[in-house]
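Summary of the model geometry
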Amino acid sequence: MKFDWNDVFLSDLTMAFAIEIVVRTFIMFLIVLIILRMTGKKGVRQLSIFEVAIIIGFGSAAGDPMFTRELGIVPSVIVMVTILLFYRLVTWLAAKNEKFESILEGDPMYIIEDGVFVLANDSDLTFAKDEFLAELRQQNIEHVGQVRVAILETTGNVSLFYYSDEDTKPGLPTLPKVYNQKSEEIKGEGNYACTYCACIQHITATTHQCPRCERKEWVKAIDTKRLA
Ligand SMILES: [Zn+2]
């Protein structure tokens with residue numbers, strides 16, 4: 001078989017169909033706008049898993065008839081209207097029934113309580129720590145001891161509740177240059193933060209096992225106040 005660049009880029013595209021693609025795309029775009037308006041969502045900054053699934057469904061139904069000669073626009077509109085009705089039905093059910101909502105969207109999850117990471121089964125984190133530390137930095141949080149409670153919402157956003165300045169405790173640093181000074185070897189007596197669970201210990205020995213998560217890697221705790 002002969003390799004043909006013409007096949008790769010144009011296939012059997014004609015001028016007439018190229019113009020048709022412009023028209024089809026314009027129509028589909030208008031339909032997508034109308035249908036998205038009809039979902040009742042105001043914006044898409046915070047999408048739950050369920051809403052992302054809906055958007056993928058829309059996108060797939062909307063895209064194909066833009067450039068597929070064999071596909072008319074009406075079947076695609078039927079698909080989108082069906083998804084729309086399904087979305088409205090499910091959100092209506094979710095509003096009526098909390099249990100259904102939690103199956104659909106998941107539940108908010110406690111990530112920090114009392115300045116330390118929440119552990120599942122007493123020893124494991126239930127979230128991606130790197131991502132979460134990045135999220136804390138985005139909120140200008142220099143160490144975990146400034147945070148009384150952090151909750152991971154079902155949209156992926158993090159809600160934070162702070163200690164007042166007087167109540168701020170020593171905590172695990174979030175800044176990479178400081179955090180990366182972590183080590184199993186303790187250099188000098190002082191307050192150290194467990195790099196895994198953020199638990200604080202006053203350590204005098206050269207090695208120490210975390211009483212909460214049983215890991216052994218520490219970094220010097222810091223107790224800077226939060227800048228409002
Ligand atoms: Zn620990």
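Residues numbered from 1 in each chain as written. Predicted model: local features only at pLDDT ≥ 70, side-chain atom pairs only at ≥ 80, totals over all residues. Heavy atoms only, no water.

1. Considerations on the sheet that holds strand β6 (residues 200-203)
Hydrogen bonds along the backbone pair up the strands of a sheet, which may run parallel or antiparallel. Overall, antiparallel pairing links the 3 strands, which are arranged β6-β5-β7 in an open sheet. Of all the strands in the sheet, the pair left with one neighbour each is β6 and β7 (218-220). Along the sheet, successive strands turn relative to each other by an average axial angle of 40°, direction set aside. Where strand β5 (residues 190-194) lies against β7, 3 bridges are found, and the strand directions are antiparallel. Note on β7: the bridge partner recorded for Cys-194 is Trp-218. (Pairing = 2+ DSSP bridges. Helix = DSSP H or I, 4+ residues; strand = E, 2+ residues; numbered from the N terminus. Axes fitted to C-alpha atoms, helices over the stretch in contact; angles between N-to-C directions.)

2. Examining a nonpolar patch on the surface
A contiguous nonpolar patch, built from Met-15, Ile-19, Val-23, Phe-26, Ile-27, Phe-29, Leu-30 and Leu-33 and spanning about 810 Å² of accessible area, is present on the exposed surface. With respect to the secondary-structure elements, Phe-26 resides in helix α2 (residues 15-38). (Patch = residues over 30% accessible without salt bridge, like charges linked within 9 Å, V, L, I, M, F, W, Y side chains within 5 Å. Areas by Shrake-Rupley, 256 points an atom, 1.4 Å probe, with all protein chains shown as cover. Salt bridge = Lys/Arg side-chain N within 4 Å of Asp/Glu carboxyl O.)

3. Comments concerning the nonpolar core
One finds Ile-112, Phe-117 and Phe-132 to be the most contacted residues of the largest nonpolar core, which totals 32 residues. Counting only elements with at least two residues in this core, the list comes to β1 (109-113), β2 (116-117), α6 (129-138), β3 (147-152), β4 (158-162), β5 and β7. If sequence neighbours within four positions are ignored, Phe-132 has contacts with Ile-111, Ile-112, Phe-117, Phe-127, Ala-150 and Val-158. Formed by 14 residues, the second largest nonpolar core is a distinct cluster that contains Ile-31, Ala-61, Ile-83 and Val-90. (Core = buried A, V, L, I, M, F, W, Y, C linked by side-chain atoms within 4.5 Å. Buried < 20%, exposed > 50% of the residue type's maximum accessible area, 1.4 Å probe, protein only. Contact = heavy atoms within 4.5 Å.)

4. Side note on the UniProt feature "domain: YetF C-terminal" (unreviewed entry) in the protein chain
Per the UniProt annotation, the sites labelled "domain: YetF C-terminal" (unreviewed entry) are residues 96-169. Between the C-alpha atoms that bound residues 96-169 there is a distance of 42 Å. The span itself is 26% helix and 24% strand. (UniProt positions renumbered as here; feature names shortened; annotations may be inferred.)

5. Side note on the pattern of salt bridges
A complete count under the given rule lists 4 salt bridges for this structure. Salt-bridge contacts for Glu-20 lead to Arg-24; the nearest nitrogen and oxygen are separated by 2.8 Å. In this pair, Glu-20 and Arg-24 are both assigned in helix α2, 4 residues apart and thus about one turn of the helix distant. As a salt-bridge pair, Lys-182 and Glu-217 come within 4.0 Å of each other at their nearest N and O atoms. In this pair, Lys-182 sits in the loop between α7 (176-179) and β5 while Glu-217 sits in the loop between β6 and β7, placing the two residues 35 residues apart along the sequence.

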